[in-house]
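Tertiary structure, described
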Amino acid sequence: MKSAVLVFPGSNREGDAKRALENVSGSRVSLVWHAETELPTGTDLVVLPGGFSYGDYLRCGAIAARASIMDAVRAHAARGGLVLGICNGFQILCESGLLPGVLVRNARLRFVCREALLKVERTDTPFTRKYAKGAVVRYPVAHGEGNYAADAETLKQLEGDGRVIFRYVTADGRRDDTQVLNGAANSIAGIASEKLNVLGLMPHPENHVDPLLGPTDGRGLFESIAGVLEKA
Amino acid sequence: MKARVLVTLKSAVLDPQGKAIEGALRSLGVPGVASVRQGKVFDVELDGDDKVRAEATLKDACEKLLANTVIESYRIEFVG
Amino acid sequence: MKARVLVTLKSAVLDPQGKAIEGALRSLGVPGVASVRQGKVFDVELDGDDKVRAEATLKDACEKLLANTVIESYRIEFVG
Amino acid sequence: MTSLEPKITPQLVADHGLKPDEYERILTLIGREPSFTELGIFSAMWNEHCSYKSSRLHLKGLPTKAPWVIQGPGENAGVIDIGDGQAAVFKMESHNHPSYIEPYQGAGTGVGGILRDVFTMGARPIAALNALRFGDPKHPRTRHLVAGVVAGIGGYGNSFGVPTVGGLVGFHTRYDGNCLVNAMAVGLADADKIFYAKATGVGLPVVYLGSKTGRDGIHGATMASAEFGEGAEEKRPTVQVGDPFAEKLLLEACLEIMEAGCVVAIQDMGAAGLTCSAVEMGAKGDLGIELDLDKLPCREAGMSAYEMMLSESQERMLMVIAPGKEAQAEAIFRKWGLDFAIVGRTTDTLRFVVKHKGEVKADLPIKELGDEAPLYDRPWVETPKQQNVDPASLEISATVPGALERLLGSPDFASKRWIWEQYDHLILNNTVQRPGGDAAVVRVEDGPKGLVMACDVTPRYCEADPFEGGKQAVAEVWRNITAVGGKPLALTDNLNFGNPERPEIMGQLVGCLRGIGAAALALDFPVVSGNVSLYNETNGRAILPTPTIGGVGVVADVAKTATLAFKDDGETILVIGATTGWLGQSAFLSEILDREDGAPPPVDLALERKHGDFVRTLIEEGLVTAVHDVSDGGLLVAVAEMAMASGIGATLVAPPAGMVPHAFWFGEDQARYIVTVAHAKALVLKRAETAGITVAKLGVTGSDRLNIPGERPIIVDALRERHEAWLPIYMGAGF
Ligand SMILES: Nc1ncnc2c1ncn2[C@@H]1O[C@H](COP(=O)(O)OP(=O)(O)O)[C@@H](O)[C@H]1O
Ligand SMILES: [Mg+2]
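1. Remarks on the coordination of the magnesium ion (ligand 2)
Residue and element names in this part refer to chain D. Of the protein atoms, only Asn-76 (OD1), Asp-117 (OD) and Asp-268 (OD) coordinate the magnesium ion (ligand 2), at distances of 1.9 to 2.5 Å. If you list the donors of the magnesium ion (ligand 2) from N- to C-terminus, the spacing comes out as N-x40-D-x150-D. Highlighted residues: Asn-76 in the loop between β1 (69-71) and β2 (78-81) and Asp-117 in helix α7 (residues 103-119), separated in sequence by 41 residues. Judged by its relative accessible area of 7%, Asn-76 is buried.

2. A short note on the sheet that holds strand β9 (residues 288-292) of chain D
All names here are of chain D. Here 7 strands make up an open sheet; going across it, the order is β8-β10-β7-β11-β9-β12-β13 and the pairing mixed. Edge positions in the sheet fall to β8 (263-268) and β13 (359-365), since each of these pairs with one other strand and no more. Strand-to-strand twist across the sheet, computed as the mean angle between neighbouring axes with direction ignored, equals 20°. Where strand β7 (residues 205-210) meets strand β10 (residues 316-321), 5 bridges bridge the pair, whose relative direction is antiparallel.

3. Quick notes on the site of ligand 1
Residues and elements named next belong to chain D. Around ligand 1, a shell composed of 17 residues is seen, among which Tyr-52, Gly-74, Glu-75, Glu-93 and Asp-493 lie nearest. Backbone polar atom of Gly-74 to an oxygen atom of ligand 1: 2.6 Å apart, as the coordinates give it. With respect to ligand 1, the side chain of Asp-117 contributes an N or O atom lying 3.1 Å from an oxygen atom. Considered on its own, ligand 1 offers 550 Å² of accessible surface; in the complex 87% of this is hidden by protein. Looking at the shell around ligand 1, the elements that each hand over two or more residues are β3 (86-94), β17 (487-496) and β18 (527-533). Broken down by element, the shell around ligand 1 gets its largest block of residues, 5 residues, from β18. A class-by-class count of the residues in the shell around ligand 1 yields 7 nonpolar, 5 polar and 5 charged.

4. Brief notes about the nonpolar core
Grouped together as the largest cluster of nonpolar side chains are 164 residues, with contacts concentrated most on Leu-6, Met-70, Leu-84, Tyr-148, Phe-166 and Tyr-168 of chain A. At 9 residues, the largest contribution of residues to this core is made by helix α10 (residues 244-259) of chain D. Residue assignment places this core across two domains, with domain 1 (1-62 + 196-373) and domain 2 (391-527 + 551-730) of chain D each supplying three or more. If sequence neighbours within four positions are ignored, Met-70 of chain A has contacts with Leu-6, Phe-8, Leu-48, Ala-64, Ala-65, Ile-92, Ser-96 and Leu-98 of chain A. Leu-495, Leu-534, Val-615 and Val-675 of chain D belong to the second-largest nonpolar core, a separate cluster that totals 58 residues.

5. Examining the interface of chain B and chain C
Chain B puts 34 residues into the contact, and the matching count from chain C is 32 residues. Taking both partners together, chain B and chain C bury about 2800 Å²; carbon and sulfur atoms supply 63% of that area. Taken together, chain B and chain C are joined by 0 salt bridges. Between the two partners, chain B and chain C, sit 10 residue pairs in polar contact (both at pLDDT 80 or more). Elements with a minimum of two residues in the side of chain B that touches chain C: β1 (2-9), α1 (16-27), β2 (33-46), α2 (51-66) and β3 (72-78) of chain B. When residues of the side of chain B that touches chain C are assigned to their parent elements, the largest contribution, 14 residues, is made by β2 of chain B. The residue makeup of the side of chain B that touches chain C, split by class, is 18 nonpolar, 6 polar and 10 charged. Bridge analysis of β2 of chain B against strand β2 (residues 33-46) of chain C gives 13 bridges, and the strand direction is antiparallel. Bridge pairing in β2 of chain C places Gln-38 of chain B opposite Phe-42 of chain C.

6. Section: the pattern of salt bridges
Throughout the structure, instances matching the rule amount to 74 salt bridges over all chains. The closest approach of N and O atoms between Glu-93 of chain D and Lys-91 of chain D, which form a salt bridge, is 2.8 Å. For the pair shown, Glu-93 of chain D and Lys-91 of chain D are each scored as buried. The closest approach of N and O atoms between Glu-463 of chain D and Arg-174 of chain D, which form a salt bridge, is 2.8 Å. Of this pair, Glu-463 of chain D sits in helix α17 (residues 459-464) while Arg-174 of chain D sits in the loop between β5 (164-171) and β6 (180-190), placing them 289 residues apart in sequence. Three or more residues are tied together by salt bridges with common partners; here these are Arg-59, Arg-66 and Glu-95 of chain A together with Lys-40 and Glu-72 of chain B.

7. Side note on a negative patch on the surface
All names here are of chain D. Taken together, the side chains of Asp-412, Glu-591, Asp-594 and Glu-596 present a region of like negative charge at the surface. Topologically, Asp-594 is positioned in the loop between α20 (587-591) and α21 (605-620). Exposure remark for Asp-594: the relative accessible area of 68% places this residue in the exposed category.

8. Describing the interface of chain A and chain D
For interface size, the figure often reported is the accessible area lost on association. With 29 residues of chain A in contact, the opposing surface of chain D contributes 31 residues. In total, about 2500 Å² of surface goes out of reach between chain A and chain D, with carbon and sulfur atoms giving 53% of it. A salt bridge links Arg-443 of chain D to Asp-210 of chain A, with the nearest nitrogen and oxygen atoms 2.7 Å apart. Our count for the contact surface shared by chain A and chain D stands at 18 residue pairs in polar contact (both at pLDDT 80 or more). If you list the elements that add at least two residues to the side of chain A that touches chain D, you get α1 (14-25), β6 (112-120) and β7 (136-143) of chain A. Among the elements that line the side of chain A that touches chain D, the one with the most residues is β6 of chain A, at 4 residues.

9. Section: the domain arrangement of chain D
Residue and element names in this part refer to chain D. Parsing chain D into structural domains produces domain 1 (1-62 + 196-373) and domain 2 (391-527 + 551-730). In this structure, domain 1 and domain 2 have C-alpha centres spaced 43 Å apart. Taken over both partners, the interface formed by domain 1 and domain 2 buries close to 690 Å², and the fraction arising from carbon and sulfur atoms is 73%. Run the count over domain 1 and domain 2 and you get 1 salt bridge. Salt-bridge contacts for Glu-501 lead to Lys-19; the nearest nitrogen and oxygen are separated by 3.5 Å. If you look at where domain 1 meets domain 2, you find 1 residue pair in polar contact (both at pLDDT 80 or more). Grouping the amino acids of the side of domain 1 that touches domain 2 by side-chain chemistry returns 2 nonpolar, 3 polar and 2 charged.

10. Here's the deal with the relation of the copies chain B and chain C
Screw-axis analysis of chain B against chain C gives a translation of 0.0 Å along the axis, an RMSD of 0.2 Å, and a rotation angle of 180°. Between the two chains, the operation in question is that of a two-fold axis. Relative to the rotation axis, the closest C-alpha in chain B is found at Lys-40 of chain B, a distance of 2.2 Å. Comparing interface residues between copies, 94% of those in chain B also sit at the interface in chain C, which points to an isologous, same-surface contact.

Calculation notes
Here, residues in each chain are numbered from 1, in the same order as that chain's written sequence. As they are written, the chains are lettered A onward and the ligands numbered 1 onward, keeping that order. Only residues with pLDDT of at least 70 are given local features in this predicted model, and only at 80 or more are side-chain atom pairs given and counted; all residues enter the totals for whole chains, interfaces and linings. For side-chain calculations, the full set of non-hydrogen atoms in the structure is used, while hydrogens and water are omitted. With water excluded from the atoms, a metal site may look incomplete; its donors are any N, O or S atoms within 2.8 Å, or within 3.2 Å for Na, K and Ca. Where helices and strands are cited, they refer to DSSP runs of H or I of at least four residues and of E of at least two residues respectively, numbered from the N terminus. The classification of residues rests on relative accessible area computed with a 1.4 Å probe and restricted to protein chains. Under 20% of the type maximum is buried, over 50% is exposed, and intermediate values are partly exposed. What makes two strands pair is DSSP finding at least two bridges between them. Fitting a line to C-alpha atoms yields each axis, with helices limited to the stretch in contact; the angle taken between N-to-C directions then spans 0 to 180 degrees. The criterion for a residue being near a molecule or strand is simple. One of its heavy atoms has to lie within 4 Å of it. Polar contacts, as counted here, are pairs of nitrogen or oxygen atoms within 3.5 Å of one another; within protein the pair requires one atom able to donate a hydrogen and one able to accept it, and residues that are adjacent in sequence qualify only if both atoms are side-chain atoms. Areas reported here follow the Shrake-Rupley algorithm with a probe of radius 1.4 Å; residue values treat only the protein chains shown as occluding. Each residue is assigned to one of three groups, with Ala, Val, Leu, Ile, Met, Phe, Trp, Tyr, Cys and Pro labelled nonpolar, Asp, Glu, Lys and Arg labelled charged, and all others, Gly among them, labelled polar. We define a nonpolar core as any set of buried Ala, Val, Leu, Ile, Met, Phe, Trp, Tyr and Cys residues linked to one another through side-chain atoms lying within 4.5 Å. Residue ranges for the domains trace back to a domain assignment, done automatically or taken from a database. The contact criterion used is simple: two residues touch if any of their non-hydrogen atoms lie within 4.5 Å. Summed over both partners, the accessible area lost on bringing two parts together, with a 1.4 Å probe, is the buried area. In the sections that follow, a salt bridge refers to a side-chain nitrogen of Lys or Arg positioned within 4 Å of a carboxyl oxygen of Asp or Glu. Exposure above 30% relative accessible area and the absence of a salt bridge qualify a residue for a patch, where like charges join within 9 Å and nonpolar side chains (Val, Leu, Ile, Met, Phe, Trp, Tyr) within 5 Å. We treat Lys and Arg as the positive residues and Asp and Glu as the negative residues; His and chain ends play no part in the count. A single reference atom marks each charge: NZ on Lys, CZ on Arg, CG on Asp, CD on Glu. For the least-squares superposition of copies, only C-alpha atoms count, and only for residues with pLDDT at least 70 in both.

Below, the structure written as structure tokens:
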């Protein structure tokens, strides 16, 4: 399995993503600078990591979405290659048109770093196959603009196509759209592209892979990817 | 040449900042505010003074970067 | 009644966002942009139609919340 | 040479914060009247913030050495050896005055400044902490300050990408007019690759890196050294805006060019900007510096030499580049999109020469600018000692459970979750102990080693008895690091006081420093860096003396650290250290009886060390299941915190006969820890006996409540709710 973690000016969780991937999959991961025009040959997985690309100035993810490497990412996605955008990476995917909708300021207007409970809505995706159906997992969030917004039609389509992959739930596992930590529409924490090969999510699975640091629920996501790519 | 670009959310899009501001104004005792929507303004200094070209440049800038046309609309104004 | 409040950074104050946008426009090949400064715009809907009162209300809102008068200045405009 | 500049008048000199005798000193030193630019340079170099003129004499008494200290005070940050060829680099710095004026930007640029101090030395920041003091929650400005300062710290640190893992927050009416924002940063470097400010080599290029220079913060350092009056608002235009994005790029670019071997000397531009950094680089290396301001990257047109020399624009660095490495260094900076300009060179003249538009704007002796700065032995008076409070003399109407509930729901004790959830405390994937415990634990790279960090001070104690208060602050930090299993190695301090020209205030500073020194010496916990912030007073009312202490320790295996949460039912709760029921200056007295008086608890440093070493050994050997130090609030607050962290209650013993129950439960005797033991109970008691350490059984864990004989039970969940509620409710009422 060959993965590339992109680095934009202001990215700051690229190391966390790389470490988690290496830890779980045992394979080497390369860092790719935003000004490149090509991905390393044979790249299976592209990760857009968390951070504050370009300081989150203008709109989060907006400037990074126009980086030259993003054409290569689009081509990779079009070929069916896997793309994972975490936090700022999710924001970049939305800004670049690879995923629909947009992430706006948290409803309470404050940055929030805490553990969140997420329901895994589908386990037949390359990113979630190792989770049990309907599993509730614990990943941390750390963002100021994770409030997913899209027009009614887009939301309807996302729901209809089953493209909502992760949803925030309450401590007792229920969906409650009035209690979402960031105000996201339909309690959306993560969505996938039509072909399910591009996933964007706000929470950080890469920060929950090491038992020393807390829960290890994030491993399942990286194990899923590794498993898929192994078979391929 | 100086120009101003206004970028505002389309009316169907939720504006959490505007909402929060409405609430805050109410609790600060500022009366009579029915609604607030927040947008961005860019004061741009352009080379040369060809207005037509400037307008084209700014339109390009908006489409490429300044506005997310999925949720925002923009307006270009020339100052002075 | 509709009003618009423009909040912009005072001229000597650093605008990190404007600076980043300038750089991005340059690398996107948008020519001729000498400088960009970013501000905020608030579209406010007010009860009643007493302009004098509205202006006072908005001034109050700016001083208390909308503008950080340490580094920003504001302008109130009435639309239409 | 000063054709366009203002004439030097006594008023102008005074406006620069220079006293008439200080100005005389300048005249003698240079043998002529200074130019306007030179006056600005002197005012920057000789103000309190840069010259430490009031505190220097007393700082000299601090112990700064130990075998593991690589660099003590005198550089951008302190450096200690943490084994395996690695070093921890850390410092704390205040941004009090700017934060009061513009909380978001003031606090943010405070964080930016301290991060820069750390990476200037070649270290990558791996953790940040902050110590915050606000006024009375009822004061009209407090909520605004809390919201802005917290958002500012988060806004900067989160974007930069450093986990903010610890800190403290307190409220007191004495901070109404002067909040305190003390930011600490800790970085990691290879012990043999530390970078210093000292320039070497004549004729080498002096390079400017980072963001452009604007008119920000001109006179900022002078502001930090002046008392606030009614006119504070007028000082507003000097506010600096932080750009964490630029700082992140600066970090990466600096580390990259250091790695590439391009850097001879490096100094960040902090307070007093280009002036301070250029003079320091030259003076430390016994070299002159010549600057050509025509080359300086400026953000605004028409800036004068004076403005360029005094600007406090953020995210800038000055470096001396190794011969022949300019092109390589420049390429790295361009890649990161940062400005790079050769703005001067080193000389052998020992002069500080500044040129602008063909004119010499300043030509001053470089060593004397620093060395000859005024040094004051300001008059001081000792703070009068107070009697201890006799618990038997108190009229107490609150029950023990009632007092506990009130304490835990009060501003100082209430959970600070609302604050630290706005800080990214997980980034970099090494945070082993998150905020909320005694000390933060951050794994070093892939482990198993970790750094342990905490900051603390009890200003009430310092006000009542500066010497004991100073000792206590150091002891408490040491204790916090110990309580998670860390070996405390060194400390940084941030001395926040009022106007040193008042003998009572100067007495507080002197007393606290003596106490800090005594404790640092006795605990083998040397001072390696620090910062002094004076004139924290408004209209003649000073803050409480607040010498914030930040400590760093090391733990060999992060998997073996202790946490404060109870682990299981049926475990024995032990208290290590004697309880006499000391109520003088206690939180109980202040919060429940509304009086702040009496002598603070004395600190027996030998006992601190003995108890701490004992507890650390128990943790290392895995003999204890939970550990918490006992600090303000006393035994019952400590036990309650252990219960709330776990949801497990406890059945506690009755206070010893003859002791006032409230004094037993809420007294603040020092050198105490609470531990829980399971299977190892007998062994631990035996060990304590052998070592001659006082241990008492406090109860047994279990159930969902705290049971105290003769008192109503306290439901842990309800207590936690109350503990968590205060801050969100307080902040929720505002924006
Ligand atoms: N209270 C103190 N205790 C120990 N060292 C101090 C103290 N105050 C300042 N120092 C040391 O003096 C030097 C200058 O401090 P400062 O002017 O704050 O540095 P900078 O210019 O990098 O911000 C630093 O090395 C600092 O660690
Ligand atoms: Mg420094």
